[in-house]
Structures are given as structure tokens and as C-alpha cells.
Amino acid sequence: MQRILSTLLVPAWHKLTFMQRIAILTSGGDAPGMNAAVRAATRAAIAHGWEVFGVRNGYAGLIADAMDVLHARDVGGIIQRGGTVLGSARSVEFTTDAGRVQALANLRQRGIDALVVIGGNGSQTGSSVLAGMGFPVVGVASTVDNDLLGTDVTIGVDTAVNITVEAIDRLRTTGSSHQRAFLVETMGRNCGYIALMAGIAGGAEVIVIPECEVEPHDVAERLRAAYQRGKTHAVVVVAEGAKRGAHAIMQHVAEHKHTIGFALRFTPLGHVVRGGVPTAADRILATRLGAAAVDQLARGTAGVLVGLRGNDIVTTPLKEIAGKTKPVNRDLLDLARMLAQ
Ligand code: F6P
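Only a predicted model underlies this, so the values are computations on that prediction, with no experimental measurement involved.

A word on the overall build of the protein chain. Counting its regular elements, the protein chain contains 13 helices and eleven strands. Its C-alpha radius of gyration of 22 Å places the protein chain within 12% of the 20 Å reference for a compact globule of 341 residues. Taking the principal axes of its C-alpha atoms as reference, the protein chain extends roughly 70 × 40 × 30 Å. Each of the 341 residues in the protein chain was classed as buried or not, and the buried ones make up 55%.

Below, the structure is given as C-alpha cells:
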């Protein structure tokens, strides 16, 4: 079915050399810095003399044919804004053949030669499917989770880590005043990157991530030991994806509170870590990746994700990253534990 569709509905790859018109969308959970990527991709494409369409609300907008021409001025004053001015969505319809066929038909109807998809894991799996159907797509690595293969960092994660660290710092202040412990739960879906990095930067006593679970009784034991070592406060950072996560830990500690020393309070950060203005690092990363996506198309390359390795822009075939996740560096977890003495 897909082979037939690609023959009937989509432009051939050789058209890339005659690029005239591209579309840009942001998809999945919004990430601080997405706007900087939209701005960079738009202006880089305009610099090539191409026309740019901004698609509303991710793949849902592609299916609904909701898109408008973006001029250079339309993306002015957005580099510092969180969220995405294009809107985003998690489109169930795009997971169906019918939805994808409609999306491709709309792109073709408008004479659009290529698509830039700014998004995370699910979104780039969608990109990979479109690329597999023969449509030129370039993905831009953007998710607070930082779980995409093909890049060291994704747009949004620096902001999310910094917001989590700020929360830890604030909780530590009040924790010290009251000789309390705090459990901070942060985002990341099934990936512990935000919790791990924020835990290290915030000097957390315990870090619990899905990639390396810690049983609640072990968390309690580490809190007890910290109290006995004379600590005036303790911080436990838990990734939302941990199976024996925040609620299991809170319950266990409540049942053993008289033996631990510290009282433990719970602060779930939730979507707070995704909001607010992007850090300079996220704006710079997004600017580089957004422009690099257009650069790939200008060179006649598609079907890839643009990401960063070290300080270099790299590309990885979408089919190699689709549906997979990047592991966290467990050595950092050991380092954090050793330093939490
Ligand atoms: O993938 C980004 C993310 O923020 C995850 O960290 C989180 O689990 C999920 O999105 C939340 O999804 P939603 O915004 O749809 O509730």
C-alpha cells in the first residue's frame, strides 16, 4: 500500500533540487526553543528564495490543511518565547493510513516540496513514516525529554533541567530551615535525563530514574543515613517515569517516618518544566538546528534528523532513530551517589 501511495501522491526525491516551497510544523509536547527553530528554519528558507508555510497544530493541521504562509516578519519577536507559535498536538489520526494519505495529499495540492518537523520521539517516528512514503522530510530534534537517538541534546531540555534545578534550590532553602527532606518529581516520560542532570546540578541526595530504579526502602535508608550524618536537609529527585516512583516512595516514608529522621514533602513539577522562556542554550541550539534542517534540504538531503554531537551538527537517517530511545549515562548516576555523602 505504501509503495503505491508514494508513487501516486508525493513528489519524487529529485524534486529536491528544484525546491520552491516548504512547510514547517511543531509536533508533540511543546519544548522551550521551538519558536527559535521555527524562526531559523523560516528565515533560512526565505534566504534561499523559497516560500514557507507554517502548519497549525502539528500533524493534525497537516491533515486539516491548516497552514499559512510565513514571512520573515511573521517569525519576528518569537525567539524568546516559550511554547510554539504554530501550536502543537499529539494527532491520533496521523497514526492511521487514512490520516497520512490526507496529509500527503494536502502537501501535494499546495505544491509543497518538503517538510520540516520540529519535535520529539513520536513526532520523528511520524517523520520517518512520511519519509518512507517518499516525501522529503527533515526532522529537528526537539523534546524536553532528551530521549532521541541521533543527538546529544534536544531543544528544550536545557530549559527543563534549569527549571528543575531552580525548584531544587528553592526547596533546599526551606528544607534547611525546617530540617526537612523534599521529593521533587520532574518530567521526562520514560527517560530519566532531566532528573539525573537536575539532580547532579542541584546536589540531590537521591536520584530515582526509570533506567535505574531504586526501591522505596532504599530511598528511605539513604534519607536516614543522610539525617544521621548530620545533614539539615535532603532532596530526592524522581523522574515521572520511575515505576517505583514518587507515590510509592511517599507511602513507604510515611509508614516509616519515625525511624527516618526527616519529614518528607512532595513537590510534583509537571508541566511547569516545559513552560516559560527558553534558556540561551536552547535558543542557540534551536537556531542552529532549524537553519541546519533547511541547509540539508538545500543540499538535496532529506529523510534525516538533524541533531548535535559535541558541538557539531550531525544527521541521522530517520529510520534509524524511529521508535528507539537514547540511554542515559549511568556513570553520572554513580557519580551523583558518591558525591551525596
Ligand atoms: O514528551 C514531553 C513530555 O513533556 C513528557 O516529559 C511528559 O511525560 C509528556 O510530554 C506529557 O504529555 P502531555 O503534555 O500530553 O500531558
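Having put the structure on the table, let's press on.
Bringing the layout of surface pockets into the picture now. One number sums up the size of the largest pocket: a volume of about 680 Å³. Every residue lining the largest pocket is counted, 34 residues in all, and those nearest its centre are Arg-90, Asn-121, Gly-122, Ser-123 and Arg-189. It is helix H5 (residues 121–132) that contributes the most residues to the lining of the largest pocket, five residues altogether. Across the lining of the largest pocket, the residue classes tally to eight nonpolar, 16 polar and ten charged.

Another point: the pattern of salt bridges. Scanning all chains against the criterion turns up 13 salt bridges. Between Arg-172 and Glu-205 there is a salt bridge, and its shortest N-O distance comes to 3.9 Å. Highlighted residues: Arg-172 in helix H6 (residues 157–178) and Glu-205 in the loop between helix H7 (193–201) and strand S7 (206–208), separated in sequence by 33 residues. Comparing Arg-172 with Glu-205, the two get one shared label, buried. Between Asp-295 and Arg-299 there is a salt bridge, and its shortest N-O distance comes to 2.9 Å. You can call Asp-295 partly exposed: its relative accessible area is 30%. The class of Arg-299 is exposed, set by a relative accessible area of 62%. In this structure, a network of salt bridges that share partners links the residues Arg-172, Glu-205 and Lys-231.

This part takes up H5. For H5, with twelve residues, the first-to-last C-alpha span of 16 Å sits near the 16 Å given by 1.5 Å per residue. Here H5 lies mainly inside the structure; nine of its twelve residues are buried. The set of residues buried in H5 consists of Asn-121, Ser-123, Gln-124, Gly-126, Ser-127, Ser-128, Val-129, Leu-130 and Ala-131. Positive phi shows up at Gly-134, right after H5, with a value of about 100 degrees.

What follows is about the site of the ligand. The full set of residues close to the ligand is Arg-90, Val-144, Asp-145, Met-187, Gly-188, Arg-189, Glu-240, His-271 and Arg-274. Contact between the ligand and Arg-189: an oxygen atom at 3.4 Å from a main-chain N or O atom of the residue. Take Arg-274: an N or O atom from its side chain is 2.8 Å from an oxygen atom of the ligand. Contact with the protein chains hides 74% of the accessible area of the ligand, taken as 390 Å² for the molecule alone. With respect to the detected pockets, the ligand is housed in the largest pocket. Tallied by class, residues from the shell around the ligand come to two nonpolar, two polar and five charged.

It is the contact of H7 with helix H13 (residues 330–339), at a shortest axis distance of 10 Å, that shows an interaxial angle of 35 degrees. Note that H7 runs across H13; the crossing there is left-handed. Residues Leu-196, Met-197 and Ile-200 of H7 form the contact with H13, whose participating residues are Leu-332, Leu-333 and Ala-336. Here the residues of the contact of H7 with H13 are counted per class, giving six nonpolar, no polar and no charged.

On to the nonpolar core. Residues Ile-22, Ile-24, Val-116, Ile-118, Val-140 and Leu-297 are the most contacted members of the largest nonpolar core, which totals 63 residues. Looking at this core element by element, the count peaks at eight residues for H6. Among the nonpolar cores identified, the runner-up in size contains 26 residues, and Leu-107, Val-129, Ala-141 and Leu-305 belong to it.

Quick look at the sheet that holds strand S2 (residues 51–55) now. What the seven strands build is an open sheet, ordered S3-S2-S1-S4-S5-S10-S11; its pairing is mixed. The open sheet has two edge strands, strand S3 (67–69) and strand S11 (312–317), and neither has a second partner. Across this sheet, the average inter-strand angle for adjacent strands is 25 degrees, counted without regard to direction. Bridging between strand S10 (residues 304–309) and S11 involves six bridges; their strand directions are antiparallel. From the neighbouring strand, Val-306 faces S11, where its bridge partner is Thr-315. In this fold helix H2 (residues 34–47) packs onto strand S1 (21–26), S2 and strand S4 (114–119), with an angle of close to 180 degrees to the strand it touches most, S1. With respect to the sheet, H5 is in contact with S4, strand S5 (137–141) and S10, its orientation differing from that of S4 by roughly 160 degrees.

Definitions and limits used
Residues numbered from 1 in each chain as written. Predicted model: local features only at pLDDT ≥ 70, side-chain atom pairs only at ≥ 80, totals over all residues. Heavy atoms only, no water. Helix = DSSP H or I, 4+ residues; strand = E, 2+ residues; numbered from the N terminus. Rg over C-alpha atoms; globule rule 2.2 N^0.38 Å. Buried < 20%, exposed > 50% of the residue type's maximum accessible area, 1.4 Å probe, protein only. 1 Å grid on protein atoms, 1.4 Å probe; cavity = no way out; pocket = protein on both sides within 12 Å on 5 of 7 lines; lining within 4 Å. Points joined across faces, edges and corners; volume = space filled by probe spheres on them. Nonpolar A, V, L, I, M, F, W, Y, C, P; charged D, E, K, R; others polar. Salt bridge = Lys/Arg side-chain N within 4 Å of Asp/Glu carboxyl O. Expected span 1.5 Å × (residues − 1). Near = heavy atom within 4 Å. Polar contact = N/O pair within 3.5 Å; in protein donor to acceptor, adjacent residues only side chain to side chain. Areas by Shrake-Rupley, 256 points an atom, 1.4 Å probe, with all protein chains shown as cover. Sits in = over half its atoms within 2 Å of the grid points. Axes fitted to C-alpha atoms, helices over the stretch in contact; angles between N-to-C directions. Left-handed = near helix turned anticlockwise from the far one by under 90°. Contact = heavy atoms within 4.5 Å. Core = buried A, V, L, I, M, F, W, Y, C linked by side-chain atoms within 4.5 Å. Pairing = 2+ DSSP bridges.

The analysis is restricted to geometry; functional conclusions fall outside its scope.
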